[in-house]
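The lines below spell out each chain.
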Amino acid sequence: MTDNSSEPILEVNDLCVSYGKVEALHHVSLKVRPGEIVTVIGPNGAGKTTLLSAIMGVLPFTHGEIRYQGEASRHIDIEQMVARGMTLVPEKRELFGDMSVADNLLLGAFMRRRLGFRDERDTLERVYGIFPRLRERHQQTAGTLSGGERQMLAVGRALMAQPKILMLDEPSLGLAPLIVREIFRVIGDLRDLGVAILLVEQNARAALQVSDYGYVLETGEIALAGPSDQLEDDPKVVESYLGLGGKH
């Protein structure tokens, strides 16, 4: 369970991001606490990926503040954020297709090794415990994996960095329903390991069922926010995102 009294590990305050003269995010604020799963749902083009990119430092922001582990950063250095325990699994997964599953995973521990840690083999065993299929495919090149296996590999590689917060961009995109259930089961299990998760998803039902708190992002603004079980019952969320409008 999440301790609501704990200080947020990630806090976004009044964030604005623009592409040229077009503002893609308008005064967005959110919080993620240690051990908490927070989801951001919304339609295509709402700004969900832009939000994650700005938090990670891939995109500059024009206004607002991002605080990570209590420290505000106006100009975010991606390498520094990874070193401090923030990881992002992008929508396109960005794997090295010609490299083996094992080598892709070991690359995820590169920053920890640079910092002097030599625990990548132990971490690798933990990742294989979470994703047994990756152990079975450890010598196979990443480019020959199925879509679900590639998603498992992308998440596993991020876990090799032993993150304090894991950001996931559309982890269920393009996957078969059975694999989607497996991915969301793993996401729920990660909370038990103490990893905070910021989950961006179009699959609103699955995202709200696995998360503690949710935000609805529409046209770059937070339209709704609240505990996930309350958002599941909100008439607007039900009609717009859960596909049950005709039944209510």
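Here the structure is a predicted model, which means the values were calculated and not measured.

Chemist: Just to check I follow, could you spell out helix 8 (residues 177-192) for this structure?
Modeler: For the α-helix, the turn length of 3.6 residues means that residues three or four positions removed from each other point alike. Helix length check: helix 8, at 16 residues, gives a terminal C-alpha distance of 24 Å against a target of 22 Å (1.5 Å per residue), a fit within 8%. At the exit of helix 8 stands Gly-194, carrying a positive phi of roughly 90°.

Chemist: Just to check I follow, could you spell out the nonpolar core for this structure?
Modeler: Across soluble globular proteins, you tend to see nonpolar side chains buried next to one another. Leu-105, Leu-134, Leu-166, Ile-187 and Ile-197 are the most contacted members of the largest nonpolar core, which totals 45 residues. Among the elements that make up this core, the one with the highest residue count is helix 8 (7 residues). Excluding its chain neighbours within four sequence positions, the residues that come into contact with Leu-166 are Thr-87, Val-89, Val-155, Ala-158, Leu-159, Leu-190, Val-195, Ala-196, Ile-197 and Leu-198. If you look at the next biggest cluster of nonpolar residues, it comprises 30 residues, including Ile-55, Met-56, Ile-66 and Met-167.

Chemist: Looking at this structure, how should I read the environment of Ser-100?
Modeler: The topology assignment puts Ser-100 in the loop between strand 6 (86-89) and helix 3 (101-107). Along the backbone, Ser-100 and Arg-137 are 37 residues apart, and their C-alpha atoms lie at a distance of 8.5 Å. What Ser-100 contacts, discounting residues up to four positions off in sequence, is His-138, Gln-139, Gln-140 and Thr-141.

Chemist: I'm lost on the pattern of salt bridges in this one. Help?
Modeler: Any two side chains of opposite charge can pair, given that their charged atoms come close. Per the counting criterion, the structure on display carries 14 salt bridges. Residue Arg-67 is joined to Glu-65 by a salt bridge in which the shortest nitrogen-to-oxygen separation is 3.5 Å. The class for Glu-65 is partly exposed, based on a relative accessible area of 27%. Between Arg-112 and Asp-119 there is a salt bridge, with the nearest N and O atoms lying 2.6 Å from each other. Residues joined in a network through salt bridges with shared partners are Glu-136, Arg-137 and Glu-149.

Chemist: Could you clarify how one ought to interpret the sheet that holds strand 6 in this entry?
Modeler: The strands that make up a sheet are held in pairs by hydrogen bonds between backbone atoms, and each pair lies either parallel or antiparallel. Spatial strand order, 6-7-8-3-9-10: 6 strands in an open sheet with mixed pairing. Either end of the sheet is taken by a strand with one partner, and the two such strands are strand 6 and strand 10 (221-227). Each neighbouring strand pair of the sheet contributes to a mean axis angle of 15°, computed without reference to strand direction. Against the sheet, helix 8 contacts strand 3 (37-41), strand 7 (165-169) and strand 8 (196-201), and its axis sits at roughly 155° relative to strand 8.

Rules and cut-offs
Residues numbered from 1 in each chain as written. Predicted model: local features only at pLDDT ≥ 70, side-chain atom pairs only at ≥ 80, totals over all residues. Heavy atoms only, no water. Helix = DSSP H or I, 4+ residues; strand = E, 2+ residues; numbered from the N terminus. Expected span 1.5 Å × (residues − 1). Core = buried A, V, L, I, M, F, W, Y, C linked by side-chain atoms within 4.5 Å. Buried < 20%, exposed > 50% of the residue type's maximum accessible area, 1.4 Å probe, protein only. Contact = heavy atoms within 4.5 Å. Salt bridge = Lys/Arg side-chain N within 4 Å of Asp/Glu carboxyl O. Pairing = 2+ DSSP bridges. Axes fitted to C-alpha atoms, helices over the stretch in contact; angles between N-to-C directions.

Everything listed is a geometric property; what it means functionally is a separate question.
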